[in-house]
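# Geometric and topological summary
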Amino acid sequence: MPLSKHLRRLIDGMGKVEFSANTSPEPFARGFTHGFTIDFRDAAACDAYLMHEAHSRAGARLVAALEGGTDGLMVFNLEISA
């Protein structure tokens, strides 16, 4: 089972997860070649995800796979109104 489906089963309010290579023609990627987004039902669901042990384990696996560890990672949250 893909990790994103596993996490969605464990964490209430975690929605769609999208993964993609960067396809922008602009030269502003600063070395980042891939990205992903996660939709959450609300801020409380995002907070629950951030505190969940499964998120911590998945994050550790991601950081271990990245060139430069956490230097190869950028994280930010966006609130998008409906």
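If you're wondering where the values come from, they're calculated on a predicted model, not measured in any experiment.

The next subject is a nonpolar patch on the surface. A contiguous nonpolar patch, built from F19, F36, L62, L73 and V75 and spanning about 470 Å² of accessible area, is present on the exposed surface. Tracing the backbone shows L73 in the segment after α3 (53-65). Under the relative-accessibility criterion, L73 is labelled partly exposed at 30%.

Time to look at the nonpolar core. The biggest cluster of nonpolar side chains holds seven residues, and these are L7, I11, M14, V17, Y49, A54 and A58. Secondary structure elements with two or more residues in this core: β1 (14-21) and α3.

In the structure shown here, the tally under the stated rule is two aromatic pairs. When the centroid spacing of 5.6 Å and the interplanar angle of 35° are considered together, the rings of F19 and F36 count as tilted. A residue pair is termed long-range when its members are at least 10 positions apart, and F19 in strand β1 and F36 in strand β2 (residues 34-40) qualify at 17 residues. The exposure class assigned to F36 is partly exposed, which follows from its relative accessible area of 42%. Consider the rings of F40 and Y49, whose centres lie 5.0 Å apart with planes at 50°: the pair is tilted. Given a relative accessible area of 23%, F40 falls into the partly exposed group.

Our focus in this paragraph is unusual backbone geometry. In the Ramachandran plot, R30 falls in the positive-phi region, its phi being about 55° despite a non-glycine side chain. Considering the arrangement of structural elements, one finds R30 in the loop between β1 and β2. Note on R30: relative accessible area 77%, which makes it exposed.

It is worth spelling out the environment of R8 at this point. As for its placement among the helices and strands, R8 is situated in helix α1 (residues 3-10). Note: C-alpha distance between R8 and I38 (30 residues apart in sequence) is 10.0 Å.

On to the packing of α1 against α3, then. Two numbers describe how α1 lies on α3: the axes approach to 10 Å, and their chain directions differ by 160°. Compared by their axis directions, α1 and α3 come out roughly antiparallel. At the point where α1 passes α3, the crossing takes the left-handed sense. On α3, the residues touching L3, L7 and L10 of α1 are A54, H55, A58 and R61. Residue composition of the contact of α1 with α3, grouped by class: five nonpolar, one polar and one charged.

Thresholds applied
Within every chain, residues take consecutive numbers counted from 1 along the sequence as written. Where totals are concerned, whole chains, interfaces and linings use all residues; where local detail is concerned, this predicted model gives features only for residues with pLDDT of at least 70, and gives and counts side-chain atom pairs only at 80 or more. Computation of side-chain values covers all heavy atoms of the structure but excludes hydrogens and water. By definition, no residue in a patch forms a salt bridge, and every one has over 30% relative accessible area; like charges are joined within 9 Å, nonpolar side chains (Val, Leu, Ile, Met, Phe, Trp, Tyr) within 5 Å. Where accessible areas are quoted, they stem from the Shrake-Rupley method and a 1.4 Å probe; at the residue level, only the protein chains shown are allowed to cover. Whenever a carboxyl oxygen of Asp or Glu lies within 4 Å of a side-chain nitrogen of Lys or Arg, that contact is scored as a salt bridge. Each helix is a run of DSSP H or I of at least 4 residues and each strand a run of E of at least 2, with the numbering of both proceeding from the N terminus. Under the scheme applied here, a residue whose accessible area is under 20% of the maximum for its type counts as buried, over 50% as exposed, and between as partly exposed, the area being computed with a 1.4 Å probe on protein chains only. Here the nonpolar core consists of buried residues drawn from Ala, Val, Leu, Ile, Met, Phe, Trp, Tyr and Cys, with membership extended through side-chain atoms lying within 4.5 Å. A pair of Phe, Tyr and Trp rings is counted when the ring centres sit within 6.5 Å of each other, with Trp represented by its six-membered ring. The angle between the planes then sorts it: under 30 degrees is stacked, over 60 is edge-to-face, the rest tilted. Only the stretch in contact is used when fitting a helix axis, every axis being a line fitted to C-alpha atoms; angles between N-to-C directions are given from 0 to 180 degrees. Angles are sorted into four bins: roughly parallel if under 35 degrees, roughly antiparallel if over 145, roughly perpendicular if 65 to 115, and oblique for all others. The hand of a helix crossing depends on one turn: near helix anticlockwise from the far one by less than a right angle means left-handed, and clockwise means right-handed. Contact criterion: two residues are considered in contact whenever any of their non-hydrogen atoms come within 4.5 Å of each other. Note on residue classes: Ala, Val, Leu, Ile, Met, Phe, Trp, Tyr, Cys and Pro are nonpolar, Asp, Glu, Lys and Arg are charged, and everything else, Gly too, is polar.

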